[in-house]
Amino acid sequence: MTDIKLINLPYQEALATLYPSVRELPYPILLDSNHQDFPTTRYDILVADPLAVIQAKASDCCVDWQQPPLYSVTNKQSPFAAIDELMQYACQEEWALKADKNLPFTGGVIGYFGYDSRHFLEHLPNTVTQDIELPDLVAGLYGWAIISLHALQKTFLMITPWCSDDTEQRIMTLIQTASAAAPVTERFSLKSPFRSNMTYPEYQQKFDAVKQYIYAGDCYQVNLAQRFSAHYSGDSFEAYQTLRKVCPTPFSAYMEIAPQQAILSHSPERFLLCDTGQVESKPIKGTRPRGKTPEEDLALAQELLNAEKDRAENLMIVDLLRNDMGRSCLTGSIKVPKLFALESYANVHHLVSTITGNIANAHDHVTVFNNSFPGGSITGAPKIRAMEIIDELEPHSRSAYCGSIAYFSSNGQMDSSITIRTLVADHEKIHCWAGGGLVLDSKCEEEYQETFTKVGHLTHTLEQDFLDE
């Protein structure tokens, strides 16, 4: 085979229905757009069994081929450099150069980039407690994918020339014989309610410290987060399926890293999109809860749209991202077509802006990502100083939270989320986080309550449906 092969499958409006068919393979990943609730979303992607796996933890990085190596990766000091090198090889393949640019994924790298993988890009302190065993970064080089194109109502199996005929037949057999309703091996169960790693007085002390840094001129904004943790047992995919119904978001994802290690992401926020050379980012800054009545809901939305503090907070991050994108985009190409737009989700209203730019070479998508990671909307401004302050004040590692889930395709396409509203299952504990951007006129009690507003829909749903009494 010298070209990409597309094999038609019955259309799936949600590839979560096919996830059980491949989940026994290594490193399965579901990129889930919740198309039923967000009709403008374009596709879902499901992969497993990568050709190579890139992992990083602390200062260690490895590239582990699951088959005879396709390419020689020489730069293994940084996972970001290793992925860049892999994608440079992939994008130069003759079949990749001919690949349809309208397809979201034609083979390439998919994975999660935890917040702490920032240490491979910047020299930063690292004094927080590391009590989660997941690597800081896990990404795979995938040679096949199941893709749903929602606009065309088509689902197909995409096979690259990297894959053998035996691989193609094995995946088709799994799809045809597995049941989407396959029983879970062990029902998901919470063994304790979620508990924060901060009391209110502790949060207030950290809030006051941020204010002092702002007064001193160190920063303009710092994203301060608290972590909520509970004990659990059973199948975390059952929890994910429940949450995707009650908390639908357009950048949801489910990834299994190892037995009893998974990421359950229900993110509403795009980090970066690269589409045929155009770059887009959609940072979220500004939040209000949904109202209990239509009248209250409308009033809260209007309050957010008119809130001077939230608009200022949003504008700071827009400027930060314009700067980050300017490191990769063509001079003069960066625009802000939408500033302070309202987006509404099951539990919150958000203030969202859109920034766009252009790159000279569509295959420089990894460079665009590396030059902007981690997203400024979850650090603060200026970014480096804000991350130093976060490290000083937050007691525990953020793990996957505030990092990104991303794919880089051999045809030059890329999309990525900011991993907010994201849970990490790590052996017998499950964690989630919520934070907010603190600025000079922030009020402690309001900011503290906002974190519960953001994450409450997730934690309350799991406690209501799965907590052992």
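What counts and how
Residues numbered from 1 in each chain as written. Predicted model: local features only at pLDDT ≥ 70, side-chain atom pairs only at ≥ 80, totals over all residues. Heavy atoms only, no water. Helix = DSSP H or I, 4+ residues; strand = E, 2+ residues; numbered from the N terminus. Rg over C-alpha atoms; globule rule 2.2 N^0.38 Å. Buried < 20%, exposed > 50% of the residue type's maximum accessible area, 1.4 Å probe, protein only. Contact = heavy atoms within 4.5 Å. Areas by Shrake-Rupley, 256 points an atom, 1.4 Å probe, with all protein chains shown as cover. Lys, Arg positive; Asp, Glu negative; His and termini not counted. Charge placed at Lys NZ, Arg CZ, Asp CG, Glu CD. Core = buried A, V, L, I, M, F, W, Y, C linked by side-chain atoms within 4.5 Å. Pairing = 2+ DSSP bridges. Axes fitted to C-alpha atoms, helices over the stretch in contact; angles between N-to-C directions. Parallel < 35°, antiparallel > 145°, perpendicular 65-115°, else oblique. Left-handed = near helix turned anticlockwise from the far one by under 90°. Nonpolar A, V, L, I, M, F, W, Y, C, P; charged D, E, K, R; others polar. Expected span 1.5 Å × (residues − 1).

A. Broad picture of the overall build of the protein chain. Within the protein chain, the regular secondary structure consists of 11 helices and 24 strands. Compactness check: the protein chain gives a C-alpha radius of gyration of 21 Å against a globular reference of 23 Å for 469 residues, within 12% of the reference. Considering only C-alpha atoms, the protein chain reaches an extent of 60 × 60 × 45 Å along its principal axes. Within the protein chain, buried positions represent 61% of all 469 residues. Within the protein chain, contacts between residues separated by at least 24 positions form 75% of all contacts whose residues are at least 6 apart in sequence. Total accessible area on the protein chain stands at roughly 18,500 Å², and carbon and sulfur atoms take up 49% of it. Separation between the mean location of the 37 positive side-chain charges and that of the 59 negative ones in the protein chain comes to 3 Å.

B. Seen up close, the nonpolar core. Ranked by internal contacts, the top residues of the largest apolar core, which has 96 residues, are I83, F105 and F408. Looking at this core element by element, the count peaks at seven residues for helix 2 (residues 79–91). Setting aside residues up to four positions removed in sequence, F408 forms contacts with I83, M87, F105, G107, G108, V109, F113, H365, V366, F369, Q413 and M414. Counting 42 residues, the second largest nonpolar core, distinct from the first, contains L15, I159, Y254 and L423.

C. Focus on the pairing of strand 12 (residues 221–233). With 12 of 13 residues buried, strand 12 lies mostly within the body of the structure. As paired elements, strand 10 (residues 189–190) and strand 12 share two bridges and run antiparallel to each other. Note that in strand 12 the partner of L190 across the bridge is Y232. Here two bridges tie strand 11 (residues 195–196) to strand 12, and the two strands are oriented antiparallel to one another. Residue pairing for strand 12: R195 is matched across the bridge by S229. Across two bridges, strand 12 lies against strand 20 (residues 380–381) in antiparallel orientation. Opposite V222, over in strand 20, you have G380 as the bridge partner. Bridge analysis of strand 12 against strand 24 (residues 429–438) gives 10 bridges, and the strand direction is antiparallel. When the sheet's bridge partners are listed, Q226 is paired in strand 24 with A434.

D. Region of interest: the packing of helix 5 (residues 200–215) against helix 10 (residues 383–393). Running from amino to carboxyl end, helix 5 crosses helix 10 at an angle of 150°, the nearest separation of the two axes being 11 Å. Put simply, helix 5 runs roughly antiparallel to helix 10. The interaxial crossing formed by helix 5 with helix 10 has right-handed handedness. Mapping the contact onto sequence places K206, A209, V210 and Y213 in helix 5 and R385, I389, E392 and L393 in helix 10. Its residues assigned to classes, the contact of helix 5 with helix 10 comprises five nonpolar, no polar and three charged.

E. Spatial organisation of helix 4 (residues 165–177). Here helix 4 is 13 residues long and its end C-alpha atoms lie 18 Å apart, about the 18 Å a rise of 1.5 Å per residue gives. Its buried side turned inward, helix 4 meets strand 1 (5–9), helix 1 (19–22), strand 8 (144–149) and strand 9 (154–159).

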